[in-house]
Amino acid sequence: MNYGLYINGKWVKSTSDETFESVNPATEKSIGNFAAGNELDAKKAVDAAEEAFEKWSSTPAPKRGEILLRAAQLLKENKERLARLETIEMGKILEEARGDVQEAIDITEYMAGEGRRLFGNTTPSELPNKFCMTVRRPIGVVGVITPWNFPIAIPAWKMAPALVCGNTVVFKPASDTPLCAIEYVKILEKAGVPKGVINMVTGSGETVGSAIVKNKKIRALSFTGSRDTGDWITKNAGIKKISLEMGGKDGIIVMDDADLKLAIDGVIWAAFATSGQRCTAASRVIVHSSIKEKFVHELVIRTNRLRLGSGLKSTTDMGPLINEAAVRKSETYTQVGRNQGARMLCGGVRLPGRGFFFKPTIFENVTIDMKISQEEIFGPVLSIIEFNKIDEAINIMNSIEYGLSSSIYTKNIDMAFRAIEKIDAGITYINSSSIGAEVHLPFGGVKQTGHSREGGITGIDEFSEIKTVYVDYSGKLQKAQIDNRK
Ligand code: NDP
């Protein structure tokens, strides 16, 4: 099967006529040929989006919201079909793929409602007979560049707010999951998004992605992906509004008073769901030394019970990694961990045969200077680090370049609030795993993870500009206080 680009409301070939394959990571079989867009295709997409902007931005926001509500309904009707496709293309188990589609439904519904809000503020003036307010305006043509790990949810997190705010979009999905992106765009098309309002160019990051990044007609860029790509974007985008959601090296603190079963449930979910390929995945457990032995014993038993296999089977707990390079990365870090003196308790090897499967892996005796406790692996590799006092645990938590998600298991309210106050991260969970975002709350990180916040009203902030309005109905020149204060 061949798939095209979506430009100005039409499905078209790449101008180079070149294609690339997307592969099922559980079987290594091709699932189709996709148009390999190039700079010219990216330019055409941007031009189409620019052309469509005037009409779309003038469409009343509640009408834009109605289209999104239809899209949410279509996502619901197609949930099972889309989830299966996602499992086939990306590898995550069906239950998690359903969750990904559900997240797209939730954010699209939320943003549909924003069509009747998009609130600005009013505030009193310092002068009589003068009225002050802010209104929201769309930004213009926005570029959306996404990774493969949430191939429907992440595009939806970005495009639903972009559209309701009145922007037009040029979308560049990850080359590992073009089919999921196409299916999402088809839903928006069917829901009634007019031609030119969304445009999608599949193809490599180096060609299509960089052409979008550098295009001066793109007024805002929303990127989720690796720190290196985000760094490159920052240096090459020129003057644009840029939002970056990048890597993580998230941790879970387990205090000596924690409910151990609850903590182990949370750690297994955070470390091995999506085979560790979530930006909020926990790759470090910071455990109080008085309970470490018991905790590790139980954790390893539970981890060894996880069943690897095709995500389509209901008996599977963990699917494959996304591609061969991801398996090699986990293998390399496993070797580095051993070389640096950490002790491997389970896993550490790929499964023989076809598919990109890597066993869930746990290291103990890990110290904060080791690479496995510092660098994002994006695979099922978990490090256990011991501590004795809460301040030490928080120092370990903060000893990394990233700052996305974090969690603490404790029954002590003082410890919980200390963690909320001191952990340097965008998200802190108390007695809950490090993953589990809800779409109406802000999502994002600090430090090398980036600086943006998506979701809820912060998603609207990302995709709108604020205009300040002063209405003077005094009938005379009134100078502001800065110019008339004696
Ligand atoms: P990449 O940075 O490799 O790719 C992300 C996207 O950027 C892809 O569409 C890619 O295209 C594109 N791209 C690559 N090079 C360029 C370029 N020069 N200019 C413009 N676009 C480019 O990341 P991964 O796909 O490997 O995703 C995994 C990363 O994403 C992890 O670091 C993870 O932590 C992070 N992530 C962060 C989240 C957050 O919210 N903080 C959420 C989810 C993931 P192509 O596929 O063609 O290479």
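Fair warning: this is a prediction, and the values are worked out from it, not measured in the lab.

Engineer: Would you take a moment to explain empty space enclosed by the protein for this structure?
Structural biologist: Rolled over the atoms, a probe sized like a water molecule indicates the empty space that remains. Applying the stated criterion to the full structure yields three cavities of 30 Å³ or more. If you add up the space inside the largest cavity, you get close to 100 Å³. Forming the walls of the largest cavity are 13 residues, and the residues nearest its centre are Gly-276, Arg-278, Ala-281, Ser-283 and Phe-378. Residue composition of the lining of the largest cavity, by class: six nonpolar, four polar and three charged. A volume near 60 Å³ is recorded for the second largest cavity. Forming the walls of the second largest cavity are 15 residues, and the residues nearest its centre are Met-397, Ile-400, Gly-403, Asp-424 and Ala-425. Those elements that place two or more of their residues in the lining of the second largest cavity are β18 (402-403) and β19 (405-409). Here the residues of the lining of the second largest cavity sort into six nonpolar, four polar and five charged.

Engineer: Teacher, can you tell me more about the environment of Val-170 here?
Structural biologist: Within the element layout of this structure, Val-170 appears in strand β9 (residues 168-172). Along the sequence, Val-170 and Arg-302 sit 132 residues apart, while their C-alpha atoms lie 44 Å from each other. In contact with Val-170, other than residues within four places in its own chain, are Ala-45, Val-46, Ala-49, Val-141, Val-142, Gly-143, Val-144, Asn-199, Ile-212 and Ile-218.

Engineer: Sorry, what's going on with the packing of helix α3 (residues 79-90) against helix α4 (residues 94-114) here?
Structural biologist: For any two helices packed against each other, the geometry is given by the interaxial angle and the distance between the axes. Where α3 meets α4, the axes come as close as 8 Å, and the angle between the chain directions of the two elements is 125 degrees. Relative to α4, the element α3 is oriented oblique. Like other packed secondary-structure pairs, α3 and α4 cross with a definite hand, here right-handed. Between α3 and α4, the contacting residues are Lys-79, Glu-80, Leu-82, Ala-83, Arg-84, Glu-86 and Thr-87 on the first element and Leu-94, Ala-97, Arg-98, Asp-100, Val-101, Gln-102 and Ile-105 on the second.

Engineer: Can you help me understand the domain arrangement of the chain in this one?
Structural biologist: The parts lose accessible area when they come together, and the size of an interface is often stated as this lost area. You can read the domains of the chain as domain 1 (2-246 + 450-469) and domain 2 (250-430). For domain 1 versus domain 2, the distance between C-alpha centres works out to 31 Å. Of the residues lining the interface, 21 residues belong to domain 1; the matching set on domain 2 comes to 25 residues. Here domain 1 meets domain 2 over a buried area of about 2000 Å², counting both sides, of which 59% is carbon and sulfur. Our enumeration of links across domain 1 and domain 2 arrives at two salt bridges. In this structure, Glu-401 engages Arg-227 in a salt bridge whose closest nitrogen and oxygen atoms are separated by 2.7 Å. In this assembly, domain 1 and domain 2 are joined by nine residue pairs in polar contact (both at pLDDT 80 or more). Secondary-structure elements contributing two or more residues to the side of domain 1 that touches domain 2 are α3 and α4. Among the elements that take part in the side of domain 1 that touches domain 2, α3 stands out by supplying five residues, more than any other.

Calculation rules
Residues numbered from 1 in each chain as written. Predicted model: local features only at pLDDT ≥ 70, side-chain atom pairs only at ≥ 80, totals over all residues. Heavy atoms only, no water. 1 Å grid on protein atoms, 1.4 Å probe; cavity = no way out; pocket = protein on both sides within 12 Å on 5 of 7 lines; lining within 4 Å. Points joined across faces, edges and corners; volume = space filled by probe spheres on them. Nonpolar A, V, L, I, M, F, W, Y, C, P; charged D, E, K, R; others polar. Helix = DSSP H or I, 4+ residues; strand = E, 2+ residues; numbered from the N terminus. Contact = heavy atoms within 4.5 Å. Axes fitted to C-alpha atoms, helices over the stretch in contact; angles between N-to-C directions. Parallel < 35°, antiparallel > 145°, perpendicular 65-115°, else oblique. Left-handed = near helix turned anticlockwise from the far one by under 90°. Domains from an automatic or database assignment. Buried area = accessible area lost by both parts, 1.4 Å probe. Salt bridge = Lys/Arg side-chain N within 4 Å of Asp/Glu carboxyl O. Polar contact = N/O pair within 3.5 Å; in protein donor to acceptor, adjacent residues only side chain to side chain.

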